[in-house]
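Spelled out from the first residue to the last, the chains are:
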Amino acid sequence: MSEDEFKKIIRKWKEIRESVKELIDEEIKRINEEVQGVKSLIQPSWSSDGVLKPLYTLKDAGNEYIVYIDLPRADEGSIKVEFVNNRIILKASLKKEVRFKDWSGVGSETSFREYQGVIELPIKIDPRKVKVRTKKGIVEIRIPKQ
Amino acid sequence: MSYREEFYGDFKIVEYEPYKVKEPSFGIVALPDTGLVGVIGAGHMVKSLNLKEVGGIDSYSYLPPIAVISKKSIRLPIRIFANENIVSVYSEFMPSAPSLPILAKAILDYLERRGVNTLVMSSGLAVQNRFELEKLRTFYITNSSEIEKILEGVGALPFENGYLVGPYAVMIKEAFRYRMNVVLLLTEAFLEFPDPEASARNLEILSRLIGKEIDVKELIEQAEIIRIKARDAMKATMPNLSKMRKDYELSTPLNI
């Protein structure tokens, strides 16, 4: 076998190894997403001690992350947002305790008084650079990547 | 509980009692999608127009094993409400993506045989700047010039180019195949948060189309409570929309 042929085989072998690695990584990612999805689905978004977990969404906007948090009926003056390492820790009281007669999973009347939530980001957050805005019960948090 | 049953593949349509609709009649289909706009709006319409629950749709293959308990009665996960000229198919649960064409066909066959002339659907158009928007725009897709005239009169805009992904994409394609008059209203909305404001805007237009007054004042006043109640349905909808590649709606057709 000539040296050129040998190099060609090695190159081909490396290509195959890379594509197999990519396939394995993709599959691991898919399984992780599925497991995370199931985990979040079977965790209720409320607890019987009156606490609601807020819905949120995280967007990668190039040079910053934008987090939107849905806090309907929250008292905007009570919204507390803290940043610890890569976490956003949120707490807010409702304007008034909200009672529901037809809430599923409690068998009777239930009520809620506050939101509590922790959101993890892929980066460490510098609280000095973060911008927070609130509008119609939705909180927008802009976090620069650097 | 059942008066009559029909089977479409693995879907079963059950009627709880006999009912008739007069012409012209409207089919209003509400399935979970962007901001649960259609589902929230249809729920309000059912209450406002006092539609009666006349049947339901179930599947042990394509839907989670759910029984809906409503006013002490056992109901199916996809619910059918009706009055003299409206039949509304309403679901807070998303069937699996591969079952959507079968479900669409089942719903359209059923509505057609029930004498429905026009299919009206309402959803949200996921826009990235929803947080900033005060005035929401409504777009429409229709195959009826008559409906188009009404929509132009109320300031709705034609959805001219782009992609539609999710249950309404399947419903509208199948409705076109059935040559049924069809309109889909799309109001700018949050993708991941329940958006009753967008539902209210769609309902104002829908009420013109069906010729019935639907007061959205209560829906707007109750918007925050609806947003609290709809959180779990929204949370359950998102992984399904993600699997259906909802992100294609944000890409642009290349050539035409």
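Residues numbered from 1 in each chain as written. Chains lettered and ligands numbered in written order. Predicted model: local features only at pLDDT ≥ 70, side-chain atom pairs only at ≥ 80, totals over all residues. Heavy atoms only, no water.

An account of the overall build of chain B is requested, with residue identities and associated values reported.
In terms of helices and strands, chain B carries eight helices and 12 strands. Taking 2.2 N^0.38 as the reference for a compact globule, 256 residues should give roughly 18 Å; the C-alpha atoms of chain B span a radius of gyration of 17 Å, in line with that estimate. In terms of principal-axis extent, the alpha carbons of chain B reach across some 50 × 40 × 35 Å. Every one of the 256 residues in chain B was classed for burial, and the buried ones make up 58%. At a minimum sequence separation of 6, the contacts of chain B that also span at least 24 residues come to 77%. For chain B, the accessible area works out to roughly 11,700 Å², and carbon and sulfur atoms hold 51% of it. Computed over 31 positive and 33 negative side-chain charges, the inter-centroid distance for chain B is 4 Å. (Helix = DSSP H or I, 4+ residues; strand = E, 2+ residues; numbered from the N terminus. Rg over C-alpha atoms; globule rule 2.2 N^0.38 Å. Buried < 20%, exposed > 50% of the residue type's maximum accessible area, 1.4 Å probe, protein only. Contact = heavy atoms within 4.5 Å. Areas by Shrake-Rupley, 256 points an atom, 1.4 Å probe, with all protein chains shown as cover. Lys, Arg positive; Asp, Glu negative; His and termini not counted. Charge placed at Lys NZ, Arg CZ, Asp CG, Glu CD.)

Could you give an account of the overall build of chain A, with specific residues and numbers?
Across its full length, chain A carries one helix and nine strands. Sequence-ordered secondary structure for chain A, helices as α and strands as β, is α-β-β-β-β-β-β-β-β-β. Taken over the C-alpha trace, chain A has a radius of gyration of 23 Å; the compact-globule value for 146 residues is 15 Å, which it surpasses by more than 25%. Projected onto its principal axes, the C-alpha positions of chain A cover 80 × 40 × 20 Å. With 146 residues in all, chain A has 31% of them scored as buried. Long-range contacts, defined as pairs at least 24 residues apart, comprise 53% of the intrachain contacts of chain A with a sequence gap of at least 6. Entry remark: accessible area of chain A is about 10,100 Å², with carbon and sulfur atoms responsible for 51%. The distance from the centre of the 30 positive side-chain charges to the centre of the 25 negative ones in chain A is 5 Å.

Residue-level account of the packing of helix 2 (residues 100–113) of chain B against helix 4 (residues 167–177) of chain B, with values.
All names here are of chain B. Helix 4 packs onto helix 2 with a crossing angle of 50° between their chain directions and a minimal axis gap of 9 Å. Classified by the interaxial angle, the pair formed by helix 2 and helix 4 is oblique. For the element pair helix 2 and helix 4, the recorded crossing hand is right-handed. Here helix 2 contributes Leu 100, Pro 101, Ala 104, Ile 107 and Leu 108 to the contact with helix 4, which in turn contributes Pro 167, Val 170, Met 171, Glu 174 and Ala 175. Here the contact of helix 2 with helix 4 is built from residues that sort into nine nonpolar, no polar and one charged. (Axes fitted to C-alpha atoms, helices over the stretch in contact; angles between N-to-C directions. Parallel < 35°, antiparallel > 145°, perpendicular 65-115°, else oblique. Left-handed = near helix turned anticlockwise from the far one by under 90°. Nonpolar A, V, L, I, M, F, W, Y, C, P; charged D, E, K, R; others polar.)

Talk me through a nonpolar patch on the surface; I want residue IDs and the actual numbers.
Taken together, the side chains of A:Met1, A:Phe6, A:Ile9 and A:Ile10 define a hydrophobic patch exposed on the protein surface, amounting to about 430 Å² of accessible area. With respect to the secondary-structure elements, A:Met1 resides in the segment before helix 1 (3–41). (Patch = residues over 30% accessible without salt bridge, like charges linked within 9 Å, V, L, I, M, F, W, Y side chains within 5 Å. Salt bridge = Lys/Arg side-chain N within 4 Å of Asp/Glu carboxyl O.)

So, the interface of chain A and chain B: which residues are in play, and what are the values?
The interface of chain A with chain B comprises 32 residues on the first partner and 19 residues on the second. The junction of chain A with chain B conceals about 2,500 Å² of combined surface from both sides, 57% of it contributed by carbon and sulfur atoms. Per-residue buried area on chain A facing chain B is highest for A:Leu55, A:Lys135 and A:Lys136; these three make up 25% of the total on that side. Where chain A touches chain B, the interface holds seven salt bridges. Across the pair A:Arg133 and B:Glu132 runs a salt bridge whose closest N-O atoms are separated by 2.5 Å. Inspection of the region where chain A meets chain B yields 16 residue pairs in polar contact (both at pLDDT 80 or more). Considering every element that reaches the side of chain A that touches chain B, the biggest residue donor is strand 3 (residues 55–60) of chain A, with four residues. Its residues assigned to classes, the side of chain A that touches chain B shows 16 nonpolar, six polar and 10 charged. (Buried area = accessible area lost by both parts, 1.4 Å probe. Polar contact = N/O pair within 3.5 Å; in protein donor to acceptor, adjacent residues only side chain to side chain.)

Any details on the packing of aromatic side chains? Residues and values, ideally.
Applying the stated criterion to the full structure yields six aromatic pairs over all chains. Joined through ring pairs, the aromatic side chains of A:Trp46, A:Phe100 and A:Phe112 make up one cluster. Taking NZ or CZ as reference, A:Lys145 lies 4.9 Å from the ring centre of A:Tyr65, over its face. Above the face of the B:Tyr248 ring, B:Arg245 is positioned so that its terminal group lies 4.7 Å from the ring centre. (Phe/Tyr/Trp six-rings, centres within 6.5 Å; stacked < 30°, edge-to-face > 60°. Lys NZ or Arg CZ within 6 Å of the ring centre and 35° of its normal.)

Tell me about the domain arrangement of chain A, residues and numbers included.
Looking at the assigned domains, one finds that chain A contains domain 1 (1–43) and domain 2 (46–144). Each of domain 1 of chain A and domain 2 of chain A has a C-alpha centre, and the two are 37 Å apart. (Domains from an automatic or database assignment.)

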